[in-house]
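Residue-level structure breakdown
Chain residues, written in single-letter form:
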Amino acid sequence: MNFAFTDEQAMIAETAKAFFDENATSERTRAAMDKDGVDRALWHSFCQELGLAGIALPEAHGGSGLGLVEFAILAEAAGAQVAALPMLGSLAMTAHGLARGGSEAQKAVWLPKLASGEAIGATGLAAKVTASGDRLSGTVDFVAHGASADVFLIATDSAAWLVERGAAGLIVAACTTLDQTRPFARLTLTDTPAEPLSDAAAALRAAQEGGWICVAAEALGGAQATLDRTVGYAQERIQFGRQIGSFQAYKHRLADMMVEIEQARSAVYWAACAVDEGSDEAPIALHSAKSFAADTYFRCAGDMIQLHGGIGFTWEHDAHLFFKRAKAIQSMLGTSAWHRERIAQLIGLGDAA
Amino acid sequence: MKLGFSPEDEAFRAEAADWLNAQMHGEFGDLKGLTGLTAAAERRKEWELKLGEDRWSVIGWPSQWGGRDATLAQQVIFAEEYARAGAPGRIAHMGVELAGPTILTFGTEQQKQRFLPGIASGKVLWCQGYSEPNAGSDLANVRTKARLDAATDEWVVDGQKIWTSLAQICDWIFVVARSEEGSKGPKGLTFLLMPLDQPGITIRPIRQINGAAEFNETFFDGARTASGNLVSTPGNGWQVAMGLLAFERGVSTLGQQMNFRNELDAIIAAARENGSAQDPLIRQRIAKAEIGLRLMRYGALRMLSHTDHARPDGAALTYKLQWASWRRSLGELAMDVLGQAGEVTDGEDYHFPMLPNLFLSARADTIYGGTNQIQRNIVAERALGLPREPRGSM
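None of these values were measured; they are calculated from a predicted model.

1. A short note on the overall build of chain B
Helix and strand content of chain B: 11 helices and eight strands. Over its C-alpha trace chain B gives a radius of gyration of 21 Å, about what one expects of a compact globule, namely 21 Å for 394 residues. Referenced to the eigenvectors of the C-alpha coordinate spread, the extents of chain B come out at roughly 70 × 50 × 50 Å. A total of 394 residues make up chain B; the buried ones form 44% of that total. Across chain B, the fraction of contacts at a sequence separation of at least 24, relative to all contacts at a separation of at least 6, is 71%.

So, in structure tokens, the structure goes:
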């Protein structure tokens, strides 16, 4: 038992933080927001030059064979900059889902491409589709970065398929989305050719676990960034002849943010570790991490706007990027109340009335 | 980063669990599940002696001083098994967790030999003399005076301490007193170890909102202690006291969490029993409490895994706010689960069972050891680097 980063993990964290801080700038993110929400040049250098995209994928398919702890480290660093990247759809859900539940052929074709950034994947869960042989019909809503994807992992509660962009009868409609760094798409399928995954249950579980860890870690990084930036502002902004950070009403709110963030940090790495180690605690840890980190991020991002005053409400300031990402994370992949209800059942409260 | 335990650690777990279960199903079965610190004082003293006798009292200490040189993982395991077995809250905790580590760190060889065996064996119980009527949140404003009497080679102490937890059953007290005439704030304070049973010390219990009297006022009127019972040097008391607060954030937090676990389990059981477990709002709150408790555990493991103990990271400073606020909410949840049934109790004494008592006693958590407001100042100033509060001139 040692709940601290190894030297290797600390190095990954340092590398990732330096990379995203330097490259995932506000200007670049905003340029991507005006298009499809993907900074392709940044994704390319993340996958190619940094070579960390396949960190949790098997070595046989172009990955590094590490785990969700290492993946969470990357997502945390990317989240701190609200980077406009398909980290969630392409890696956390599609690649991790395929790695666990895809056929050997599917893995051989897609995993190297996803890890290298040559292809972008997107995942749609809770798909409202019906299958007829190897053809799917129906709709899939809220597919993150769906309009940018080359391949889709589409899953219901009991089945999962791969569908390629350009497949017959597939219409991908981009949605104008609150969080422009991760816009949703709506997929409409009409007799669209689809390849079933060999182990749908495993794929679904891996996609969910990867997704929960990814957004929880992003939320942690984002929440910490809102705190850091607001602390910076508190020290430079002068009112009433004092730094505004010298007022207790102000600094106590920042202290409360830190209390929540440190718990979110414990939650994220507890969950990632529990999954990696196959612990019995993994389900409760995942539900804790997703709900707690998302709620923390939303609260901190809201506080960031409040504590910046008028400037925090402008389009020009980055506060709204954090605020919108935080809201999106709160509502995707199960609301906080849903995750807590899962915990209520796991700890033996029985069923709700 | 690794959460699993090694086979050696699991063997240690089995040994600890066997011993604890044997006690809680045998000789000390009457103490099983007991929380709070004031009930059954005599039996709890016997329990401390038993822990000492079988060397389970201070497992993290060096074996030379009655410990087991237990690793961090083993200390975590013991805390977990202690809770699982339902062993009672420890009345020796201020000696085991505060006085002992302070003496181990700052004490002379002579002081170690004199005091550590008493703590490790459970024979000598300690309490803490910090707060005063005018030195609560502003702890450095201590006015109790200490002077060295050259004729007898003793320190003589005059003044008053307050909120002295368990002084009525303890044997020794560690005191911070002002030894430099005219000094102010953290300068000029001295850290002394003093026997409680002497004519110069009077202890008066303070009845609290839950009807119990865990806290006391302690009056010093020419109270004496040998000059050899000075820890560190005269005038260096603040540094010793602050070092001791760092111990408070150590493994002891895991011991405290085991009581929280028992309290939350009792709430879950009550909710199932009276049907409130089906209420979606109650379910959400119980789930939140469960998450908070788990995160407390992993937060503590992070603190303990942090290798540079001399310079704890800022996260450690958030822990007091975290647990105190969590437990205060837990008390409110307990009453909402119980409903009006929680507001009446059997018998004529104003003495409520575990959960209503939790509701009342938790109001102290966000006050003692630094109020939530002081804690927020500490986090904002020391961890986040924000401007310090201006000092008043009164």
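2. A closer look at the packing of helix α1 (residues 7–24) of chain B against helix α3 (residues 72–84) of chain B
Pairs of packed helices are described in terms of their axes, by the angle between the two and the distance that separates them. All names here are of chain B. Running from amino to carboxyl end, α1 crosses α3 at an angle of 35 degrees, the nearest separation of the two axes being 9 Å. The two elements α1 and α3 cross, and the hand of that crossing is right-handed. Touching Asp-9, Phe-12, Arg-13, Ala-16, Ala-17 and Leu-20 of α1 are Ala-73, Gln-74, Ile-77, Phe-78, Glu-81 and Tyr-82, all from α3. For the contact of α1 with α3, the class distribution of residues is eight nonpolar, one polar and three charged.

3. A short note on helix α2 (residues 41–53) of chain B
Residues and elements named next belong to chain B. Between its first and last C-alpha, α2 extends 18 Å over 13 residues, near the 18 Å set by a 1.5 Å rise per residue. Those residues of α2 not exposed but buried are Arg-44, Trp-47, Glu-48, Leu-51 and Gly-52. The buried residues of α2 occupy one face: seen down the axis, they fall within an arc of 140 degrees. Within α2, the exposed residues directed more than 90 degrees away from the buried face are Glu-42 and Glu-53. Residues of α2 that are buried sit in contact with α5 (109–121). Note on α2: the residue one or two positions beyond its end, Arg-55, has a positive phi of about 60 degrees.

4. Some words on the interface of chain A and chain B
Contacts between the two partners involve 43 residues from chain A and, on the opposite side, 40 residues from chain B. The set of elements that each furnish at least two residues to the side of chain A that touches chain B consists of α7 (200–236), α8 (248–276), α9 (282–308) and α11 (336–346) of chain A. Ranked by the residues each element gives to the side of chain A that touches chain B, the list is headed by α8 of chain A, at 15 residues. Of the residues contributing to the side of chain A that touches chain B, the split by class is 24 nonpolar, 13 polar and six charged.

5. Side note on the environment of Glu-263 of chain B
Here Glu-263 of chain B lies in helix α7 (residues 252–274). Since 21 C-beta atoms lie within 10 Å of it, Glu-263 of chain B is described here as buried.

6. Some points on unusual backbone geometry
With a phi close to 45 degrees, Val-82 of chain A is a non-glycine residue in the positive phi region. The topology assignment puts Val-82 of chain A in the loop between α4 (68–80) and α5 (87–101). In this structure, Asp-69 of chain B is a non-glycine residue whose phi angle is positive, near 50 degrees. In this structure, Asp-69 of chain B sits in the loop between α2 and α3.

7. Let's talk about the domain arrangement of chain A
Interface extent is often summarised as the accessible area lost during association of the parts. All names here are of chain A. Annotation of chain A at the domain level lists domain 1 (7–116), domain 2 (121–199) and domain 3 (201–346). Summarising the inter-unit geometry, the C-alpha centres of domain 1 and domain 2 are found 21 Å apart. Taken together, the contact pairs 23 residues of domain 1 with 21 residues of domain 2. Breaking the side of domain 1 that touches domain 2 down by element, the ones donating at least two residues are α2 (26–33), α5 and α6 (104–116). At nine residues, α5 tops the list of elements feeding residues into the side of domain 1 that touches domain 2. Here the residues of the side of domain 1 that touches domain 2 sort into 12 nonpolar, 10 polar and one charged.

8. Details of the sheet that holds strand β3 (residues 135–144) of chain A
All names here are of chain A. Read from one edge of the open sheet, four strands run β2-β3-β7-β6, paired in antiparallel fashion. Bordering the open sheet on either side are β2 (128–132) and β6 (170–174), each of which pairs with just one other strand. Each neighbouring strand pair of the sheet contributes to a mean axis angle of 15 degrees, computed without reference to strand direction. Bridge count for β2 against β3 is five bridges, and the pairing is antiparallel. The residue bridging Lys-128 from the neighbouring strand is Thr-139, located in β3.

9. With respect to the sheet that holds strand β1 (residues 121–124) of chain A
All names here are of chain A. In space, the four strands of this open sheet follow the order β1-β4-β5-β8, with mixed pairing throughout. Of all the strands in the sheet, just β1 and β8 (195–196) have a single pairing partner and so form its edges. Of the strand pairs in this sheet, strand β5 (residues 160–164) and β8 are connected by two bridges, and their pairing is antiparallel. Residue pairing in the sheet places Trp-161 in a bridge with Pro-196 of β8. Helix-sheet contacts for α5 involve β1, β4 (151–155) and β5, and the interaxial angle to β1 is about 80 degrees. Helix-sheet contacts for α7 involve β1, β4 and β5, and the interaxial angle to β4 is about 105 degrees.

10. Digging into the domain arrangement of chain B
All names here are of chain B. Assigned domains of chain B: these are domain 1 (7–91), domain 2 (126–235) and domain 3 (249–383). Here the C-alpha centre of domain 3 lies 22 Å away from the C-alpha centre of domain 1. Every contact between the two is made by 13 residues of domain 1 and, on the other side, 12 residues of domain 3. A per-class count over the side of domain 1 that touches domain 3 returns five nonpolar, seven polar and one charged.

11. Re the environment of Met-258 of chain B
Residue and element names in this part refer to chain B. Summarising the element assignment, Met-258 is placed in helix α7. For Met-258, a count of 20 C-beta atoms within 10 Å puts it in the buried group. Look past the residues within four positions of Met-258 in its chain and what remains in contact with it is Ala-79, Tyr-82 and Ala-83.

About the cut-offs
Residues numbered from 1 in each chain as written. Chains lettered and ligands numbered in written order. Predicted model: local features only at pLDDT ≥ 70, side-chain atom pairs only at ≥ 80, totals over all residues. Helix = DSSP H or I, 4+ residues; strand = E, 2+ residues; numbered from the N terminus. Rg over C-alpha atoms; globule rule 2.2 N^0.38 Å. Buried ≥ 20, exposed ≤ 12 C-beta atoms within 10 Å, placed from the backbone. Contact = placed C-beta atoms within 7 Å. Axes fitted to C-alpha atoms, helices over the stretch in contact; angles between N-to-C directions. Left-handed = near helix turned anticlockwise from the far one by under 90°. Nonpolar A, V, L, I, M, F, W, Y, C, P; charged D, E, K, R; others polar. Expected span 1.5 Å × (residues − 1). Arc of directions from axis to C-beta. Domains from an automatic or database assignment. Pairing = 2+ DSSP bridges.

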